[in-house]
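Fold and geometry: a report
Listed below, chain by chain, are the residues.
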Amino acid sequence: AQKVTQAQTEISVVEKEDVTLDCVYETRDTTYYLFWYKQPPSGELVFLIRRNSFDEQNEISGRYSWNFQKSTSSFNFTITASQVVDSAVYFCALSEALSYGQNFVFGPGTRLSVLP
Amino acid sequence: DGGITQSPKYLFRKEGQNVTLSCEQNLNHDAMYWYRQDPGQGLRLIYYSQIVNDFQKGDIAEGYSVSREKKESFPLTVTSAQKNPTAFYLCASSAQVAYNEQFFGPGTRLTVL
């Protein structure tokens, strides 16, 4: 069965520091998709990125970057020059190609606090 | 604007009462989902529906019921059989393929008094 682990329960950084959120996944499928979501204090989950298992190219979007490494089954998320508005709970998720929503598995989340 | 709406935002229930949480989407998505989130926890799947008039149990379906009579709507009823219903409930929808991200509504916070 698939599984997503986010070992960091809570992280606190001071504004402008860089921070990396770890995500390790388990799956037996060769084709799968990885996601990151942000949950601000308001509660609604906001989609950040999707990667498929055949594309290990790292991605950068503004201050956000993602490092996908199949060799270590990891899909880590880095925020550069963090800001207070980045404070939120971040979830990593996995979806297997031969499944639909019933196998969209979320990790437990990492709560990031960015202090001014 | 396209999106998912949930109502009410806050809901209070007395023990022994059934309550229904609303979820509506105008994204033309086939699939819809209900998740439960407890404080400091991740999301757990309650029910999902891949198509109108069909739905399947998720990991924690006991004490909940759903219906899917219209593509746009997927209401969740929390019954009196649910022993610990106080939680944050999130509705989501997606296109009908595994690689599509799920879009989430703003959530309903249910408190049992």
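Computed from a prediction, not measured in an experiment: that's the story for all the values here.

About the criteria used
- Residues numbered from 1 in each chain as written.
- Chains lettered and ligands numbered in written order.
- Predicted model: local features only at pLDDT ≥ 70, side-chain atom pairs only at ≥ 80, totals over all residues.
- Heavy atoms only, no water.
- Helix = DSSP H or I, 4+ residues; strand = E, 2+ residues; numbered from the N terminus.
- Rg over C-alpha atoms; globule rule 2.2 N^0.38 Å.
- Buried < 20%, exposed > 50% of the residue type's maximum accessible area, 1.4 Å probe, protein only.
- Contact = heavy atoms within 4.5 Å.
- Areas by Shrake-Rupley, 256 points an atom, 1.4 Å probe, with all protein chains shown as cover.
- Lys, Arg positive; Asp, Glu negative; His and termini not counted.
- Charge placed at Lys NZ, Arg CZ, Asp CG, Glu CD.
- 1 Å grid on protein atoms, 1.4 Å probe; cavity = no way out; pocket = protein on both sides within 12 Å on 5 of 7 lines; lining within 4 Å.
- Points joined across faces, edges and corners; volume = space filled by probe spheres on them.
- Core = buried A, V, L, I, M, F, W, Y, C linked by side-chain atoms within 4.5 Å.
- Pairing = 2+ DSSP bridges.
- Axes fitted to C-alpha atoms, helices over the stretch in contact; angles between N-to-C directions.
- Salt bridge = Lys/Arg side-chain N within 4 Å of Asp/Glu carboxyl O.
- Buried area = accessible area lost by both parts, 1.4 Å probe.
- Nonpolar A, V, L, I, M, F, W, Y, C, P; charged D, E, K, R; others polar.
- pLDDT = per-residue confidence, 0-100.

Here we look at the overall build of chain A
- Helices and strands together make up the secondary structure of chain A, namely zero helices and 12 strands.
- Secondary structure elements of chain A occur, N-terminal to C-terminal, as β-β-β-β-β-β-β-β-β-β-β-β.
- For chain A, the C-alpha radius of gyration of 14 Å lies close to 13 Å, the compact-globule estimate for 116 residues.
- With the C-alpha coordinates aligned to their principal axes, the bounding extent of chain A is approximately 45 × 30 × 20 Å.
- The buried share of chain A, reckoned over its 116 residues, is 45%.
- Sequence-distant contacts in chain A: of pairs separated by 6 or more residues, those separated by 24 or more amount to 57%.
- For chain A, the accessible surface area stands at approximately 5600 Å², while carbon and sulfur atoms represent 48% of it.
- Taking the average location of the 9 positive side-chain charges in chain A and that of its 13 negative ones, the two points are 2 Å from each other.

A look at the layout of surface pockets
- One number sums up the size of the largest pocket: a volume of about 440 Å³.
- Lining the largest pocket we find 26 residues, and of these Q39, V89 and R111 of chain A together with Q37 and G40 of chain B sit closest to its centre.
- Residue assignment for the lining of the largest pocket shows that the elements contributing at least two residues are β10 (88–96) and β12 (110–115) of chain A.
- In terms of residues, the lining of the largest pocket owes the most to one element, β12 of chain A, which gives four residues.

Some remarks on the nonpolar core
All names here are of chain A.
- One finds W36, F75, F77, Y90 and L112 to be the most contacted residues of the largest nonpolar core, which totals 23 residues.
- Mapped onto this core, the elements with two or more residues apiece are β2 (10–14), β3 (19–21), β5 (32–39), β8 (64–69), β9 (74–79), β10 and β12.
- No other element matches the four residues that β10 contributes to this core.
- In this view, L112 contacts I11, V13, V19, I79, D86, S87, A88 and Y90; residues no more than four positions away in its chain are not counted.

Quick notes on the sheet that holds strand β3 (residues 19–25) of chain B
Residue and element names in this part refer to chain B.
- Pairing within the open sheet is antiparallel, and its four strands lie in the order β1-β3-β8-β7. The two strands at the open ends of the sheet, each matched to only one other strand, are β1 (4–7) and β7 (64–66). Averaged over all neighbouring strand pairs, the angle between strand axes comes to 20°, with direction disregarded.
- Strand direction decides the pairing type here: β7 and strand β8 (residues 76–78), joined by three bridges, are antiparallel.

Side note on the pattern of salt bridges
- For the coordinates displayed, the defined rule picks out seven salt bridges over all chains.
- A salt bridge links R63 of chain A to D86 of chain A; the shortest N-O distance between them is 2.8 Å. Here the residue R63 of chain A occupies a position in the loop between β7 (59–61) and β8, and D86 of chain A occupies one in the loop between β9 and β10, the gap between them amounting to 23 residues.
- Among the salt bridges present, the one from R36 of chain B reaches D38 of chain B, with a minimum N-O distance of 3.0 Å.
- The network of salt bridges with shared partners includes R51, D55 and E59 of chain A.

What to know about the interface of chain A and chain B
- On the side of chain B, 22 residues touch chain A, which itself brings 22 residues to the contact.
- Each partner contributes to the roughly 1700 Å² buried at the junction of chain A and chain B, and carbon and sulfur atoms together form 58% of this total.
- The shortest N-O distance in the salt bridge between R50 of chain A and E101 of chain B comes to 2.5 Å.
- Mapped onto the side of chain A that touches chain B, the elements with two or more residues apiece are β5, β6 (46–52), β10 and β11 (104–106) of chain A.
- Ranked by residue count, the leading element in the side of chain A that touches chain B is β5 of chain A, at four residues.
- Here the side of chain A that touches chain B is composed, by residue class, of 11 nonpolar, eight polar and three charged.

Considering the confidence of the model for chain A
- Taken as a whole, chain A shows an average pLDDT of 92; of its residues, 95% reach a score of 70 or greater.
- In the model of chain A, β11 of chain A stands out as the element of lowest mean pLDDT, 86, in contrast to β3 of chain A, which has the highest, 98.

What about the side chain of K38 of chain A?
Residue and element names in this part refer to chain A.
- Considering the arrangement of structural elements, one finds K38 in strand β5.
- One buried charged side chain, K38, makes no salt bridge at all; its nearest oppositely charged neighbour is D86, positioned 4.5 Å away.
- Non-local contacts of K38, meaning those with residues more than four positions away in its chain, are made with E44, L45, V46, L48, Y64, V85, D86, A88, V89 and Y90.

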